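Results of the structural survey
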Amino acid sequence: MNAEFRAPKGTFDLVPPRGEAMLAVREAMAAPLRSAGYGYIETPSFEETALFARGVGESTDIVTKEMYSFTTRGGDDVTLRPEGTAPVLRAVLENNLHRGALPVKLWYSGSYYRYERPQKGRYRHFSQVGAEILGTEDPASDAELVVLAVDAYRLLGLTGVRVLLNSLGSHESRPAYRAALQDYLRGLDLDEETKRRVELNPLRVLDDKRPEIQKALAEAPLITDFLSPSDRAHHETVRSLLTAAGVAFEDDPRLVRGLDYYTRTLFEFVHDGLGSQSAVGGGGRYDGLSELIGGPALPGVGWALGADRTLLALEAEGLALPGTTGVQVFAVPLGDEAAAWAFGLVTTLRREGVAADVATGGRGLKGAMKAADRSGAKYAVVVGERDLAEGVAQVKDLATGEQQAVSVNELVTHLKRLV
Ligand code: ATP
Ligand code: MG
């Protein structure tokens, strides 16, 4: 350990080139949304605690175990956002976006915080890109979001992402299913905490990852058998639109997710190269959420993609990290006068759109050429006092080693042509 401080437990720093790769991951997730007309929204990184308690659900893991909550100096109870949907919906209602033309399509990108047991792919500070469509129950919106997420993974070159799809039904189907599931679960030999969950939120028991529980659930009733005709029709439309769009998906009638607000369509994107933290993204429809946080009826559907796990998935597939940038031209000045001139040169190049850097600190030729190689530049501009006196600079192709004297007056034009 070199310094006194380390990043807090469950967090990590992104240093180059992984830093750039993370930016590129977020960009790739945003690109399909941008080309589909989604508007960008930013909300604060903390909210009133009650928003999450009500919006995410009192009985969820997030609310019971994972929130970073604190009381401010002024006595307000706030929580670092553990997810993006409740804040976005809060912002939509507060800014009256739902009173304009519907649907409202939004995307966002940022940091999220959950007090989890840190493991590979599970952090206390992580990064998501999210999208929401508000104000329509149209199954085409559900399908659109799944397609846009799949397109983002494709853009990144990932081939190992699978789409799991389910419908949790609406208020027309859920109560009967909930009762049937509860009946079944009450007949099992479960620990006290799980028994409590059976009474509070039986669907969440399906999400229990313990093998003995999964085994006991083998004969549990399936939501698919309880869907009302309109819930079934909604689900079938989503399925056929996905098929028409060439998106392969797996029906997973046991898929439930950690948030209480989902209705009808539910989906998860998983990658098998990630061990037990296999979900790279997920989402679904949440037609009752607006009412839960005190708003009018406002149906919605959305997803959040995990950027950290997506970066791990790229590494698991052995793909070259995207977004790795460097400069195109590297200036190597020899002597003070040349250094001042080279400073001017790289300033001009940068303003003209050529990525450029310069050796600093009066480095000798050998050290500066090493820096030029490391920079990733294709060309070095080597210039000494004698060159300047003659009005030229040496342009060196760093791949071939070929060198050519170019008049300083032509240099910028010459380099722009080369790169
Ligand atoms: P998991 O079942 O793995 O806990 P989740 O259902 O809690 O995931 P969501 O709330 O749906 O996750 O968040 C969407 C995505 O954000 C996840 O699919 C995952 O890629 C990512 N994500 C969630 N929690 C974390 C975390 N603690 N660290 C890193 N990424 C996370
Ligand atoms: Mg979780």
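The name an unreviewed UniProt entry gives the protein is Histidine--tRNA ligase, with Jiangella ureilytica as the organism. The Subunit (unreviewed entry) field of the UniProt record for the protein holds the comment "Homodimer." Its UniProt record gives the protein a comment under Sequence similarities (unreviewed entry), which states: "Belongs to the class-II aminoacyl-tRNA synthetase family."

1. A closer look at the nonpolar core
When a protein is soluble and globular, its nonpolar side chains tend to lie buried together. Within the largest apolar cluster, 46 residues are counted, with the highest numbers of intra-cluster contacts made by Leu134 and Leu181. Where this core is concerned, the elements lending two or more residues are helix H2 (49-56), helix H3 (61-66), helix H4 (85-94), strand S5 (104-113), strand S6 (125-134), helix H6 (174-186) and strand S9 (263-271). Here this core takes six residues from H4, the largest share from any one element. Residues within four places of leucine 181 in sequence aside, it is in contact with Pro202, Leu203, Leu206, Ala220 and Pro221.

2. Observations concerning the pairing of S9
Of all nine residues in S9, nine are buried, a share of seventy percent or more. Two strands pair when backbone bridges link them, and strand S7 (residues 161-167) and S9 are joined in this way by seven bridges, in the antiparallel orientation. The residue bridging valine 163 from the neighbouring strand is phenylalanine 269, located in S9. Sheet topology note: the S9/strand S10 (residues 279-285) ladder contains six bridges and is antiparallel. The residue bridging phenylalanine 267 from the neighbouring strand is glycine 283, located in S10.

3. With respect to the site of ligand 1
The environment of ligand 1 is formed by 15 residues, the closest being Arg114, Glu116, Arg122, Tyr123 and Arg257. One nitrogen or oxygen atom from the side chain of glutamine 128 is found 2.9 Å from an oxygen atom belonging to ligand 1. Contact distances for ligand 1 include 2.5 Å between an oxygen atom and a side-chain N or O atom of arginine 257. When the free accessible area of ligand 1 is taken as 590 Å², the share hidden by the protein chains comes to 90%. Sorting the residues of the shell around ligand 1 by element identifies S6, S10 and strand S11 (300-306) as the ones contributing at least two each. For the shell around ligand 1, the element with the most residues is S10, which contributes three residues. In terms of residue class, the shell around ligand 1 is made up of six nonpolar, four polar and five charged.

4. Observations concerning the domain arrangement of the protein
We note that the domain assignment places domain 1 (17-172 + 228-317) and domain 2 (329-418) within the protein. For domain 1 versus domain 2, the distance between C-alpha centres works out to 48 Å.

5. A word on the layout of surface pockets
Within this model, the second largest pocket holds a volume of roughly 450 Å³. What lines the second largest pocket is a set of 22 residues, and nearest its centre among them are Ser170, Arg174, Asp260, Tyr262 and Thr263. Elements represented by at least two residues in the lining of the second largest pocket include exactly H6 and S9. The element contributing the most residues to the lining of the second largest pocket is H6, with three residues. Broken down by class, the residue content of the lining of the second largest pocket amounts to eight nonpolar, four polar and 10 charged.

6. A short note on the sheet that holds strand S4 (residues 77-80)
Taking strand neighbours across the sheet as the criterion, the three strands line up as S2-S4-S3 in an open arrangement whose pairing is antiparallel. Every other strand in the sheet has two partners, leaving strand S2 (46-48) and strand S3 (68-71) as the edge strands with one partner each. The mean angle between the axes of side-by-side strands here comes to 30°, regardless of whether they run parallel or antiparallel.

7. Re the UniProt feature "binding site: L-histidine" (unreviewed entry) in the protein
The UniProt entry lists Glu83, Gly84, Thr85, Arg114, Gln128, Glu132, Arg257, Tyr261 and Tyr262 under the feature "binding site: L-histidine" (unreviewed entry), expressed in the numbering used here. In the annotated group above, the second largest pocket draws its lining from Arg257, Tyr261 and Tyr262. One can find threonine 85 in helix H4. Ignoring sequence-local partners within four residues, the contact set of threonine 85 consists of Tyr108, Glu132, Tyr261, Tyr286 and Leu289. For tyrosine 261, a relative accessible area of 5% translates into the label buried. Those residues in contact with tyrosine 261 that sit more than four places away from it in its chain are Gly55, Val56, Glu83, Thr85, Arg285, Tyr286 and Leu289.

8. Here's the deal with the packing of aromatic side chains
This model, assessed by the stated rule, comprises seven aromatic pairs. Grouping aromatic residues by their ring pairs yields a cluster made of Tyr153, Phe267 and Phe269. Positioned above the aromatic ring of tyrosine 112, the side-chain terminus of arginine 81 is 4.5 Å from the ring centre. Of note, arginine 124 hangs over the ring of tyrosine 115, and the distance from its end group to the ring centre comes to 3.9 Å.

9. Some words on a positive patch on the surface
A surface patch of like charges, here positive, comprises Arg363, Lys366, Lys370 and Arg374. Position of arginine 363 among the secondary structure elements: in the loop between strand S13 (356-358) and helix H13 (365-374). A residue is classified by how much of its surface remains accessible, and arginine 363, at 38% relative accessible area, is partly exposed.

10. Digging into the sheet that holds S13
The strands that make up a sheet pair up through hydrogen bonds in the backbone, lying either parallel or antiparallel. Across the sheet, which stays open at both edges, the five strands sit in the order S13-S12-S14-S15-S16 with mixed pairing between neighbours. Looking at which strands have only one partner, the edges of the open sheet turn out to be S13 and strand S16 (403-407). Each strand axis lies, on average, 25° off the axis of its neighbour in the sheet, ignoring direction. The pairing of strand S15 (residues 392-397) with S16 spans five bridges and is antiparallel. When the sheet's bridge partners are listed, valine 392 is paired in S16 with serine 407.

11. Side note on the pattern of salt bridges
Across all of its chains, the model carries 27 salt bridges by this definition. Linking arginine 162 and aspartate 272 is a salt bridge whose minimum nitrogen-to-oxygen distance equals 2.9 Å. With a gap of 110 residues between them, arginine 162 in strand S7 and aspartate 272 in the loop between S9 and S10 connect regions that are remote in the sequence. With a closest N to O distance of 2.6 Å, glutamate 352 and lysine 416 form a salt bridge. A residue pair is termed long-range when its members are at least 10 positions apart, and glutamate 352 in the loop between helix H12 (336-351) and S13 and lysine 416 in helix H15 (residues 411-418) qualify at 64 residues. Given the relative accessible area of 41%, glutamate 352 is considered partly exposed.

Cut-offs applied
Residues numbered from 1 in each chain as written. Chains lettered and ligands numbered in written order. Predicted model: local features only at pLDDT ≥ 70, side-chain atom pairs only at ≥ 80, totals over all residues. Heavy atoms only, no water. UniProt positions renumbered as here; feature names shortened; annotations may be inferred. Core = buried A, V, L, I, M, F, W, Y, C linked by side-chain atoms within 4.5 Å. Buried < 20%, exposed > 50% of the residue type's maximum accessible area, 1.4 Å probe, protein only. Helix = DSSP H or I, 4+ residues; strand = E, 2+ residues; numbered from the N terminus. Contact = heavy atoms within 4.5 Å. Pairing = 2+ DSSP bridges. Near = heavy atom within 4 Å. Polar contact = N/O pair within 3.5 Å; in protein donor to acceptor, adjacent residues only side chain to side chain. Areas by Shrake-Rupley, 256 points an atom, 1.4 Å probe, with all protein chains shown as cover. Nonpolar A, V, L, I, M, F, W, Y, C, P; charged D, E, K, R; others polar. Domains from an automatic or database assignment. 1 Å grid on protein atoms, 1.4 Å probe; cavity = no way out; pocket = protein on both sides within 12 Å on 5 of 7 lines; lining within 4 Å. Points joined across faces, edges and corners; volume = space filled by probe spheres on them. Axes fitted to C-alpha atoms, helices over the stretch in contact; angles between N-to-C directions. Phe/Tyr/Trp six-rings, centres within 6.5 Å; stacked < 30°, edge-to-face > 60°. Lys NZ or Arg CZ within 6 Å of the ring centre and 35° of its normal. Patch = residues over 30% accessible without salt bridge, like charges linked within 9 Å, V, L, I, M, F, W, Y side chains within 5 Å. Salt bridge = Lys/Arg side-chain N within 4 Å of Asp/Glu carboxyl O. Lys, Arg positive; Asp, Glu negative; His and termini not counted. Charge placed at Lys NZ, Arg CZ, Asp CG, Glu CD.

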